[in-house]
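Observations on the three-dimensional arrangement
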Amino acid sequence: MAKILKMPLGPAARMATTAPQDVLREDAATFDVLRQMREDILCCSLKPDQRLRFGELRQRYQTSVGTLREALSHLVSEGLARTEAGRGFSVAPVSLGDFLDLSELRVHLETRTLADAIHHGTDAWEAEIVSSYFLLSKLGKPTPDDPVNLKREWGRRHKRFHDALVATCTSPWSLHFRSELFDQARRYHWLTMIHARSRRTNEHLELRDAVLARDADLACRLIEKHIRTTVEQAVSEVPGLTMGGPSGQVVRSSRRNKG
């Protein structure tokens, strides 16, 4: 498994900040279970709205009920799971309205953090972009029938590449919220990927080359296109993804912004 490089890639890595702690980096049994459950939700091995029963979860993750409760509490706080008195836990639902809302926010934060990262880029930052793209390109996009471990690994490599692009951004809070939105959108990426009928160009390669060329304008146009193309595929190709959650106003706003 490819390991994330733990190196200070830019000024944000050296700044004191009150941005929330990334507990997924903590080395403890609870966080290991949290990482596994989180990845299973994000790659839809645990499906939207699926009931999370402790007996099944104990067998799946080989852990205690106490550890599961703590992990599920983290997932509820992230919006990836739901809890209801007397009914236990379930995976958070998905909706087209939610995806449109997330995507509009992502366009704003991805372009902001990417432009700043390019301005403050370093040799180490460039090296991580190259290596993370190489590792991602070594894995074909997974299919619904692939083993869970392969789905998790593709998800990790995909996230590593996108995180590498913005790693030298100088705003820890922008990076935090950008990462939260990226993860919230990952289930929609997965649903789109497994149902997609249309072919897409190698957008990750185009992004890599524009960023390494330090062409901020082109890179920001490409990341916006990358996000919006996924939305368009989801709207037209993912069965059963209907409006819910945020109001229809999100749809009208999103469509206006495309023009």
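Residues numbered from 1 in each chain as written. Predicted model: local features only at pLDDT ≥ 70, side-chain atom pairs only at ≥ 80, totals over all residues. Heavy atoms only, no water.

1. Details of the overall build of the protein chain
Along the backbone of the protein chain there are 10 helices and 3 strands. The order of α-helices and β-strands along the protein chain, N terminus first, is α-β-α-α-β-β-α-α-α-α-α-α-α. Split into buried and exposed, the 259 residues of the protein chain put 46% on the buried side. Long-range pairs, those at least 24 residues apart, make up 77% of the contacts in the protein chain between residues at least 6 apart in sequence. (Helix = DSSP H or I, 4+ residues; strand = E, 2+ residues; numbered from the N terminus. Buried < 20%, exposed > 50% of the residue type's maximum accessible area, 1.4 Å probe, protein only. Contact = heavy atoms within 4.5 Å.)

2. A short note on the pattern of salt bridges
Enumeration according to the criterion identifies 20 salt bridges in this entry. One salt bridge connects Glu39 with Arg186, and the closest N-O pair in it is separated by 2.2 Å. Here Glu39 is found in helix α1 (residues 29-42), whereas its partner Arg186 is found in helix α7 (residues 172-195), with 147 residues between them in sequence. Using a relative accessible area of 8% as the deciding quantity, one classes Glu39 as buried. For Arg186, a relative accessible area of 7% translates into the label buried. (Salt bridge = Lys/Arg side-chain N within 4 Å of Asp/Glu carboxyl O.)

3. Description of the state of the cysteines
For the structure on display, the rule yields 0 disulfides. With no disulfide of its own, Cys43 lies closest to Cys44 among cysteine sulfurs, the gap being 7.0 Å. (Disulfide = S-S within 2.5 Å.)

4. Re the layout of surface pockets
What the second largest pocket holds in volume is close to 670 Å³. Lining the second largest pocket we find 28 residues, and of these Lys141, Trp154, Met193, Arg200 and His204 sit closest to its centre. Residue assignment for the lining of the second largest pocket shows that the elements contributing at least two residues are α5 (123-137), α6 (148-165), α7, α8 (203-212) and α9 (216-237). The class makeup of the residues in the lining of the second largest pocket is 9 nonpolar, 13 polar and 6 charged. (1 Å grid on protein atoms, 1.4 Å probe; cavity = no way out; pocket = protein on both sides within 12 Å on 5 of 7 lines; lining within 4 Å. Points joined across faces, edges and corners; volume = space filled by probe spheres on them. Nonpolar A, V, L, I, M, F, W, Y, C, P; charged D, E, K, R; others polar.)

5. Digging into the pairing of strand β2 (residues 81-84)
For β2 and strand β3 (residues 88-91), the ladder comprises 4 bridges, and the chain directions are antiparallel. Paired with Ala81 across the two strands is Val91, which belongs to β3. Linking β2 back to β3 in an antiparallel pair, the connection comprises 3 residues, with Gly86 at a positive phi of about 85°. (Pairing = 2+ DSSP bridges.)

6. Points about the pairing of β3
Where strand β1 (residues 51-52) lies against β3, 2 bridges are found, and the strand directions are antiparallel. Bridged to Arg51 within β3 is Ser90.

7. With respect to unusual backbone geometry
In the Ramachandran plot, Cys44 falls in the positive-phi region, its phi being about 65° despite a non-glycine side chain. With respect to the secondary-structure elements, Cys44 resides in the loop between α1 and β1. With relative accessibility at 8%, the residue Cys44 sits in the buried group. Residues other than glycine seldom take positive phi values, yet Arg214 does so here, at roughly 60°. Tracing the backbone shows Arg214 in the loop between α8 and α9.

8. A few points about the packing of α8 against α9
Between α8 and α9, the shortest axis-to-axis distance is 8 Å and the interhelical angle comes to 160°. In this view, α8 runs roughly antiparallel relative to α9, as classed from their interaxial angle. Relative to α9, the crossing made by α8 is left-handed. Along the contact surface, α8 presents Glu203, His204, Glu206, Leu207, Ala210 and Val211, while α9 presents Leu218, Ala219, Leu222, Ile223, His226 and Thr229. Residue composition of the contact of α8 with α9, grouped by class: 7 nonpolar, 3 polar and 2 charged. (Axes fitted to C-alpha atoms, helices over the stretch in contact; angles between N-to-C directions. Parallel < 35°, antiparallel > 145°, perpendicular 65-115°, else oblique. Left-handed = near helix turned anticlockwise from the far one by under 90°.)

9. A word on the side chain of His158
Within the fold, His158 resides in helix α6. Ignoring anything within four residues of it in the chain, the contact list for His158 reads Leu136, Phe182, His189 and His204.

10. A few points about the packing of α7 against α9
Two measures define how a pair of helices packs: the angle their axes make with one another and the distance between the axes. The geometry of α7 relative to α9 is characterised by a closest axis approach of 9 Å and an angle of 60° between their N-to-C directions. Our classification of the angle between α7 and α9 gives oblique. Crossing of α7 against α9: the hand is left-handed. Of the residues in α9, those in contact with His189, Thr192 and His195 of α7 are Thr230, Gln233, Ala234 and Glu237. Per-class residue counts for the contact of α7 with α9 are 1 nonpolar, 5 polar and 1 charged.

The analysis is restricted to geometry; functional conclusions fall outside its scope.
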